[in-house]
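# Topology and contacts: notes
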Amino acid sequence: MKWGKYSGARGKQNEVFHLPLAPEYLPLQLENPMPQVTVLAPGDGNKFWIVGDHLTFKVGPEQTGGKYAVALTWTPPGGGPPPHVHANEDEMFYILDGKLLFIDNQHTFTAGPGSAVYLKKGVPHAFKNIGDSPATFLVTATPAGFEAFIAAAGEKITKIPCGLAVTPEVIGKLMAVAPQFGLTMLPEHKPVGEKKFTPNTRQRWVLGQHVTVKLASAETCGNFCVADVLIQPGQGVPSHKHVAMDEYFYVTEGAFDFLIDGRTVAAPTGSFIHVPKGVMHGFTNVGNIPAKLADFHTPGGFEAFFEECGQECTDPTKPPKVEIPDMDSLRTMWTKHGMVMG
């Protein structure tokens with residue numbers, strides 16, 4: 001099947017739409033135009049260069065009601081911003097590749113692939129790629145607004161990497177624009193010590209899926225639950241909707257079919273899917289090997305469902321026998337955690 005846009009009239013439920021290789025947002029046109037689902041193929045999104053880093057925005061205030069913006073960031077070896085303070089936004093990082101050194105106020109720590117880091121506004125912070133190859137990571141800023149700073153201080157581009165030079169004029173533009181968006185640059189800030197960063201390993205078997213909670217509500221000021229979900233071939237999550245939570249996904253390994261409002265969309269590695277609250281959705285691993293995605297719920301709290309519905313995991317290579325509750329019990333549990341079954 002050829003690559004093509006997924007929009008317009010409702011198709012057949014078993015028809016698979018492949019994501020387009022194009023640099024713009026792809027909103028799914030549902031029967032009710034609000035809320036709007038966004039599905040982006042690998043590499044898609046509005047791209048910007050800013051002082052050596054490259055950001056591809058996946059969603060912004062238009063898709064999230066101003067609550068947050070999400071970008072895939074590419075940083076070369078040695079790259080990263082100087083220490084700075086956000087007056088308005090918290091930032092959350094999910095590292096896909098590479099090794100980052102973070103500054104968090106007076107301390108530094110390092111984090112690698114699969115790590116999730118939450119940094120609060122009002123505190124000096126920064127990151128630097130200390131590896132020998134480019135680092136890639138998802139960064140979420142909440143509330144939205146950071147995307148406007150990037151557009152004003154950076155340059156719109158069409159590909160990553162783009163190879164623009166970091167000149168004194170570029171740095172001067174950054175320093176001049178930053179205060180307009182509540183950012184204070186602190187290039188002379190020096191942390192005084194190191195702290196150990198230990199990635200979360202809270203693992204559960206949830207209805208046959210291996211779930212590792214990376215960040216919970218208490219660690220994100222109530223804003224997010226972040227989890228890795230590893231799914232065996234042919235398995236997945238049935239159609240449902242969240243009453244009060246948005247959900248977004250980044251496919252990190254393998255390939256999925258997402259069922260969204262009755263349509264099926266093929267989502268290979270690198271795909272991004274944003275599903276606002278109130279929209280029916282589910283997904284299935286359509287490959288012949290285990291597939292993984294990073295799963296973000298906002299606001300936070302969904303870790304409570306993983307805890308109640310799941311089983312203890314002591315060996316991720318040995319899934320337990322799946323005992324699916326009867327439909328009435330399952331429906332009651334889903335309702336308790338703000339979900340409606342399809």
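My aim in this report is to walk through the structure given alongside it, one point at a time. (Residues numbered from 1 in each chain as written. Predicted model: local features only at pLDDT ≥ 70, side-chain atom pairs only at ≥ 80, totals over all residues. Heavy atoms only, no water.)

Attention now goes to the side chain of Asp-295. Tracing the backbone through its elements, the reader meets Asp-295 in strand 26 (residues 291–298). Despite its burial, Asp-295 pairs with no opposite charge, the nearest such side chain being Lys-214 at 13 Å. Other than its neighbours up to four places away in sequence, Asp-295 contacts Cys-225, Val-226, Ala-227, Val-229, Glu-247, Tyr-248, Phe-249 and Phe-306. (Helix = DSSP H or I, 4+ residues; strand = E, 2+ residues; numbered from the N terminus. Buried < 20%, exposed > 50% of the residue type's maximum accessible area, 1.4 Å probe, protein only. Lys, Arg positive; Asp, Glu negative; His and termini not counted. Salt bridge = Lys/Arg side-chain N within 4 Å of Asp/Glu carboxyl O. Contact = heavy atoms within 4.5 Å.)

This part takes up unusual backbone geometry. The omega angle of the peptide bond from Thr-142 to Pro-143 is 0°, so this bond is cis rather than trans. Locating Pro-143 in the fold gives a position in the loop between strand 13 (135–142) and helix 2 (146–153). Between Ile-160 and Pro-161 the backbone carries a cis peptide bond, its omega angle lying at -5°. Looking at where Pro-161 falls in the secondary structure, it is placed in the loop between strand 14 (155–157) and helix 3 (168–177). The phi torsion at Val-51 lies on the positive side, around 50°, for a residue other than glycine. Among the secondary structure elements, Val-51 is positioned in the loop between strand 4 (46–50) and strand 5 (53–59). A positive phi angle is found at Asn-105, which is not glycine, with a value near 60°.

Time to look at empty space enclosed by the protein. All chains considered together, the criterion is met by two cavities of 30 Å³ or more. In this model, the largest cavity occupies a volume close to 260 Å³. Together, 20 residues line the largest cavity, and Ile-50, Asp-53, Pro-81, Phe-127 and Phe-146 are the ones closest to its centre. Of all elements in the fold, only strand 5, strand 8 (90–97), strand 13, helix 2 and strand 15 (183–185) reach the threshold of two or more residues within the lining of the largest cavity. If one sorts the elements of the lining of the largest cavity by residue count, helix 2 sits on top with three residues. Of the residues belonging to the lining of the largest cavity, the class tally is 15 nonpolar, three polar and two charged. Approximately 30 Å³ is the volume attributed to the second largest cavity. Lining the second largest cavity, in full, are Phe-57, Ala-69, Ala-71, Val-139, Thr-140, Ala-141, Phe-146 and Glu-147. Contributions of two or more residues to the lining of the second largest cavity are made by strand 6 (69–75), strand 13 and helix 2. Among the elements that line the lining of the second largest cavity, the one with the most residues is strand 13, at three residues. Residues that form the lining of the second largest cavity fall into these classes: six nonpolar, one polar and one charged. (1 Å grid on protein atoms, 1.4 Å probe; cavity = no way out; pocket = protein on both sides within 12 Å on 5 of 7 lines; lining within 4 Å. Points joined across faces, edges and corners; volume = space filled by probe spheres on them. Nonpolar A, V, L, I, M, F, W, Y, C, P; charged D, E, K, R; others polar.)

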